[in-house]
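A look at the structure
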Amino acid sequence: MQNQAKLPRQNISSNTGNRRWSTLLRSPFFDIIQFIFLLTLSAWFLSKTLRESGYHWQWYQIPQYLFLFDDSGFHAGPLLLGLLITVKISAVSLVLASAIGMATAMMQLSNSFVARTTAKIYVETIRNTPLLIQLFFIYFVLGPVLGLSRFPSAVLALSLFEGAYASEIIRSGIVSIHRGQWEASYSLGMSNIDTYLTVILPQAIRRILPPLTSQAISLIKDSALVSTIAIYDLTMQAQAIIAETYLTFEIWFTVALMYLAVTLTLSLIVRQMEHRFRMN
Amino acid sequence: MFSSDEINPQQIVIAANLCKTFENGVRALDNFSAHVERGEVVVVVGPSGAGKSTFLRCLNGLEDIDSGEIIIDDIVLNDIPANRLAIRKEVGMVFQHFNLFPHMTVLRNVSLAQQKVKKNSRGEAEQTSLDMLAKVGIADKAGSYPNQLSGGQQQRVAIARALAMNPRVMLFDEATSALDPEMIGEVLAVMKDLASDGMTMICVSHEMGFAKEVSDRIIFMEDGKLIEECSTLQFFSQPAQERTRAFLEQII
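Below, the structure is looked at part by part. (Residues numbered from 1 in each chain as written. Chains lettered and ligands numbered in written order. Predicted model: local features only at pLDDT ≥ 70, side-chain atom pairs only at ≥ 80, totals over all residues. Heavy atoms only, no water.)

What follows deals with the pairing of strand β6 (residues 91-94) of chain B. All names here are of chain B. Burial along β6 is two-sided: the face carrying V91 and M93 and the face carrying G92 and V94 are both buried. Pairing geometry for β6 and strand β7 (residues 169-173), over four bridges, is parallel. Pairing of V91 across the sheet is with V169, part of β7. (Buried < 20%, exposed > 50% of the residue type's maximum accessible area, 1.4 Å probe, protein only. Helix = DSSP H or I, 4+ residues; strand = E, 2+ residues; numbered from the N terminus. Pairing = 2+ DSSP bridges.)

Written as structure tokens, this is what we have:
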């Protein structure tokens with residue numbers, strides 16, 4: 001590979017004019033120029049759009065919906081309260097989805113025909129129907145039967161939905177471990193459970209973590225759908241404020257930034273975890 | 001199949017009429033029988049695809065046989081999980097590609113199963129592990145990770161890992177085939193030590209020098225069948241079968 005990569009470069013360097021160009025194209029100076037060009041283009045496009053849309057921006061209105069400071073101290077505004085609900089629903093669903101995903105992956109890999117088939121049907125049903133309909137089904141159909149209120153219905157729907165994806169990620173991570181690892185462990189007399197817990201999963205987790213993080217981020221964003229069953233999460237609060245104030249774009253942009261803050265935090269935490277796993 | 005008076009108490013491994021066909025239709029074992037006595041070193045040879053590795057892997061239940069009978073130290077290998085586990089405790093195995101656990105230190109590789117299977121305390125397991133690592137000559141690498149070791153060192157760790165379970169029988173599945181030539185010697189030296197300690201060993205190997213020097217008996221197989229089984233001396237000097245002579249001419 002290295003030899004192949006070197007060949008064309010040598011051809012270029014035989015021509016002094018080309019060499020000067022390639023040095024320029026690879027210099028940091030050129031990178032900066034590209035960035036400036038892109039930023040200018042975006043800024044021009046944005047300002048043109050805003051001017052022509054004739055929208056009257058009222059950003060100064062936004063802070064009051066985030067938080068209030070008065071004599072009695074700090075008060076969270078509706079958006080922050082909504083964010084708290086979103087984080088709460090996402091966190092609980094994340095834990096539950098991981099557990100469901102792990103259990104389903106184990107079932108798919110088990111020797112039992114019933115377990116394999118059940119897991120397959122669950123995964124395919126969930127992955128091939130809309131989350132919105134699953135949410136309605138659980139809240140309006142199962143909810144009254146099982147006595148589930150809004151919050152548990154939302155958590156259950158999200159967990160079942162993301163769990164199906166998580167199970168596929170976990171399963172593929174597990175089967176990617178070389179079978180020699182299983183054989184070595186079995187040959188030492190280790191049980192199935194010990195083999196999974198001490199040999200296979202610790203290796204699989206390193207491969208599973210990045211795609212599982214993407215799935216967790218999807219979960220946080222998908223949690224916006226719970227507003228449809230009148231849970232006052234971030235999205236629902238935003239809709240309520242907009243209905244009163246018509247601050248459509250200001251509120252939605254703010255909400256998007258708040259989601260971004262949560263997902264970026266999650267990404268950072270996972271990156272730290274990955275780093276720790278590599279250290280070990 | 002065996003009544004008790006037929007079992008020779010000296011025989012620690014009995015494999016009778018083994019048949020095994022893989023899902024792709026390859027017949028790996030075809031009515032193959034073999035036995036090994038306590039303290040014996042047996043080398044299994046034969047052309048590639050002869051079923052040598054499959055035979056070893058059936059002995060500790062890594063592969064299931066279709067029919068036949070395997071008895072190791074009076075334990076019958078069958079569908080009962082307790083029996084399978086009991087046999088795996090008796091039988092240590094060393095693989096061609098070492099199969100060390102890459103996410104664990106050498107010490108942890110060797111001590112893990114002692115804790116999980118034998119339920120030894122961590123301290124006890126680590127002491128045994130250090131002894132075993134000293135035995136194979138790499139106690140100083142206890143804190144290293146497998147990818148920091150050479151192939152020869154990794155294979156010696158794998159041997160120590162199997163020995164730490166105090167097995168009665170050791171299986172070597174082409175233990176030196178994946179090694180660079182200059183590292184084969186160090187692994188064979190450990191295997192020779194083990195043989196002179198009186199360990200019962202079944203080795204699938206292409207190392208004819210090792211076979212000649214260390215083994216008591218040679219089993220020659222082809223297409224899943226037993227072609228010839230005789231003492232090492234006879235195998236190399238006057239093999240009975242025409243096929244064996246042809247094989248020996250090719251490799252020596």
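Inspection of every chain in the model, using the stated rule, returns 17 aromatic pairs over all chains. Judged by centre distance (6.1 Å) and plane angle (40°), the rings of W57(A) and F249(A) are tilted. Placement of W57(A) in the loop between α3 (28-53) and α4 (63-66) and of F249(A) in helix α12 (residues 248-279) is noted, with a sequence separation of 192 residues between them. Given a relative accessible area of 42%, F249(A) falls into the partly exposed group. The interplanar angle of 50° and the centroid separation of 6.4 Å between the aromatic rings of F220(B) and F235(B) together place this pair among those described as tilted. Here F235(B) lies in helix α8 (residues 232-237) and F220(B) lies in strand β9 (residues 217-222), a separation of 15 residues in the sequence. Note on F220(B): relative accessible area 0%, which makes it buried. Taken together, the ring pairs in this structure connect Y55(A), W57(A), W59(A), F249(A) and F253(A) into an aromatic cluster. Directly above the ring of F101(B) sits R161(B), whose terminal nitrogen or CZ lies 4.6 Å from the centroid. (Phe/Tyr/Trp six-rings, centres within 6.5 Å; stacked < 30°, edge-to-face > 60°. Lys NZ or Arg CZ within 6 Å of the ring centre and 35° of its normal.)

This part covers the environment of M93(B). Residue position: M93(B) is located in strand β6. On the basis of relative accessible area, M93(B) is assigned to the buried category, the value being 4%. For M93(B) and K116(B), which are 23 residues apart along the polypeptide, the C-alpha to C-alpha distance reads 17 Å. With residues near it in sequence (within four places) discarded, M93(B) still touches S187(A), L56(B), R57(B), N60(B), L62(B), A162(B), L171(B) and D173(B). (Contact = heavy atoms within 4.5 Å.)

This part covers the packing of helix α5 (residues 78-109) of chain A against helix α6 (residues 113-127) of chain A. Packed helix pairs are specified by the crossing angle of their axes together with the interaxial distance, meaning the distance between the axes. All names here are of chain A. Running from N to C, α5 and α6 point in directions that differ by 130°, and their axes come no closer than 7 Å. Taken together, the axis directions place α5 and α6 in an arrangement best described as oblique. Read as a crossing pair, α5 and α6 show a hand that is left-handed. On α6, the residues touching I100, T104, M107 and Q108 of α5 are A115, R116, T118, A119, K120, Y122 and V123. Of the residues assigned to the contact of α5 with α6, the class counts are six nonpolar, three polar and two charged. (Axes fitted to C-alpha atoms, helices over the stretch in contact; angles between N-to-C directions. Parallel < 35°, antiparallel > 145°, perpendicular 65-115°, else oblique. Left-handed = near helix turned anticlockwise from the far one by under 90°. Nonpolar A, V, L, I, M, F, W, Y, C, P; charged D, E, K, R; others polar.)

Take the sheet that holds β7(B) next. Hydrogen bonds along the backbone pair up the strands of a sheet, which may run parallel or antiparallel. Residue and element names in this part refer to chain B. Spatially, the six strands line up as an open sheet ordered β6-β7-β8-β3-β9-β10, and their pairing is mixed. Looking at the sheet topology across the chains shown, the edges are occupied by β6 and β10 (225-231). The average undirected angle you get between the axes of adjacent strands in this sheet is 15°. With four bridges connecting them, strand β3 (residues 41-45) and strand β8 (residues 200-204) associate as parallel partners. Of the residues in β8, the one forming a bridge with V44 is V204. Lying over the sheet, helix α5 (residues 151-163) contacts β6 and β7, oriented at roughly 170° with respect to β6.

In short, geometric facts, not functional conclusions.
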